[in-house]
Amino acid sequence: MNDRPPAPGGLALIEALVNTLDVESGADSLETREALARFALTPQDVPAARVLREALREACLAHAGHGTSTALDALLADAPLRVTVSPSGEAALRPSGPTTLLTRVAEAVAAGAADGTWLRLKACEAEDCQWAYYDRSPAARSRWCSMAVCGARTKMRTYRARRAGAE
């Protein structure tokens, strides 16, 4: 949907998961063979993965200043993580049970929160898009996944509305 490079580290997993649904067309690729393999899912895991995906989209929209996010917190409460310390003294949260999509997401969110990248994972503010992207702008104030597509559409709608109001 956009030409931005993927999010760094574990946030790339979250970005890819959110982007398995094309909001504009309604196309959902979560049940494809590629997505099942990438996210280590079985067909029985797909309904829970969809709930997680939409909670992540809600969080990404909140990062972009659109609403608040509460669903993700409730889902991540069930993710068993533990603190690990490397021989060099670096601490990290790691899954304490079986590695599932939920624990991988929780680990990525924790790492992103710790290094300040989590809040830069956003969803496009265009209602017919909501594609997840990583905001690399210096001030972290990007609004659209692509200025050439979603940004241009929004600006053109605003322009046309102003012209219609002036006539």
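I will try to describe carefully the structure that is included in this document. Starting from 1, residues in each chain are numbered consecutively following that chain's sequence as written. Given that this is a predicted model, residues contribute local features only at a pLDDT of at least 70 and side-chain atom pairs are listed and counted only at 80 or more, while totals for whole chains, interfaces and linings are drawn from all residues. Excluding hydrogens and water, the side-chain figures rest on all heavy atoms present in the structure.

**A look at the overall build of the chain**
Next, step 1: In terms of helices and strands, the chain carries six helices and four strands.
Next, step 2: For the chain, the α and β elements follow one another from N to C terminus as α-α-α-α-β-β-α-β-β-α.
Next, step 3: Contacts: residue pairs with any heavy atoms within 4.5 Å of one another. Of all intrachain contacts in the chain linking residues separated by at least 6 positions in sequence, the fraction that spans at least 24 positions is 48%.
Next, step 4: Here the accessible surface of atoms and residues is derived via Shrake-Rupley with a 1.4 Å probe, and residues count as covered only by protein chains that are part of the display. Roughly 9400 Å² of accessible area belongs to the chain as shown, and the carbon and sulfur atoms make up 55% of that amount. Secondary structure elements follow DSSP: runs of H or I no shorter than four residues count as helices, runs of E no shorter than two count as strands, and numbering proceeds from the N terminus.

**Side note on helix H1 (residues 11-18)**
Next, step 1: Within H1, eight of the eight residues are buried, leaving the element largely enclosed by the surrounding structure.
Next, step 2: Here H1 has its buried residues at Leu11, Ala12, Leu13, Ile14, Glu15, Ala16, Leu17 and Val18.
Next, step 3: In this structure, the buried side of H1 is in contact with helix H2 (33-38), helix H3 (46-63), helix H5 (101-115), strand E3 (121-123) and strand E4 (132-134). When accessible area is computed with a 1.4 Å probe and restricted to protein chains, residues below 20% of their type maximum are described as buried, those above 50% as exposed, and intermediate ones as partly exposed.

**Concerning the pattern of salt bridges**
Next, step 1: Within this document, salt bridges are pairs made up of a side-chain nitrogen of Lys or Arg and a carboxyl oxygen of Asp or Glu, the two lying within 4 Å of each other. In this structure the tally under the stated criterion is seven salt bridges.
Next, step 2: When the shortest N-O distance is used, the salt bridge between Glu54 and Arg57 registers 2.9 Å. Linking Glu54 with Arg57, this pair stays in helix H3, spanning three residues, or about one helical turn.
Next, step 3: What emerges from the salt-bridge pattern is a single network uniting Asp28, Glu31, Arg50, Arg53, Glu54 and Arg57.

**Describing the layout of surface pockets**
Next, step 1: Put plainly, a pocket is an open set of points on a 1 Å grid over the protein atoms alone with protein on both sides within 12 Å along at least five of seven lines, a cavity is a set where a 1.4 Å probe fits but cannot get out, and a lining residue has an atom within 4 Å of a point. Grid points are joined across faces, edges and corners, and a volume is the space filled by probe spheres set on the points. Volume-wise, the largest pocket comes out at about 190 Å³.
Next, step 2: Lining the largest pocket are Ala40, Leu41, Asp45, Ala48, Ala49, Leu52, Leu75, Thr100, Leu101 and Leu102.
Next, step 3: Put simply, the parts of the chain that give the lining of the largest pocket at least two residues each are H3 and H5.
Next, step 4: The biggest single contributor to the lining of the largest pocket is H3, with three residues.
Next, step 5: Under the scheme applied, nonpolar residues are Ala, Val, Leu, Ile, Met, Phe, Trp, Tyr, Cys and Pro; charged residues are Asp, Glu, Lys and Arg; polar residues are all the others, including Gly. Taken together, the residues that form the lining of the largest pocket break down as eight nonpolar, one polar and one charged.
Next, step 6: Approximately 160 Å³ is the volume attributed to the second largest pocket.
Next, step 7: If you trace the second largest pocket, you find it lined by Glu90, Ala91, Ala92, Leu93, Arg94, Glu107, Ala110, Ala111 and Ala114.
Next, step 8: Where the lining of the second largest pocket is concerned, the elements lending two or more residues are strand E2 (91-95) and H5.
Next, step 9: Of the residues that constitute the lining of the second largest pocket, the class distribution is six nonpolar, no polar and three charged.

**Digging into the pairing of strand E1 (residues 81-85)**
Next, step 1: Relative to E2, E1 is paired through five bridges, and the arrangement is antiparallel. Note on E2: the bridge partner recorded for Val83 is Leu93.
Next, step 2: We call two strands paired when DSSP finds no fewer than two bridges between them. A loop of five residues connects E1 with E2, the two strands running antiparallel in sequence, and Gly89 in this loop sits at a positive phi of about 95°.

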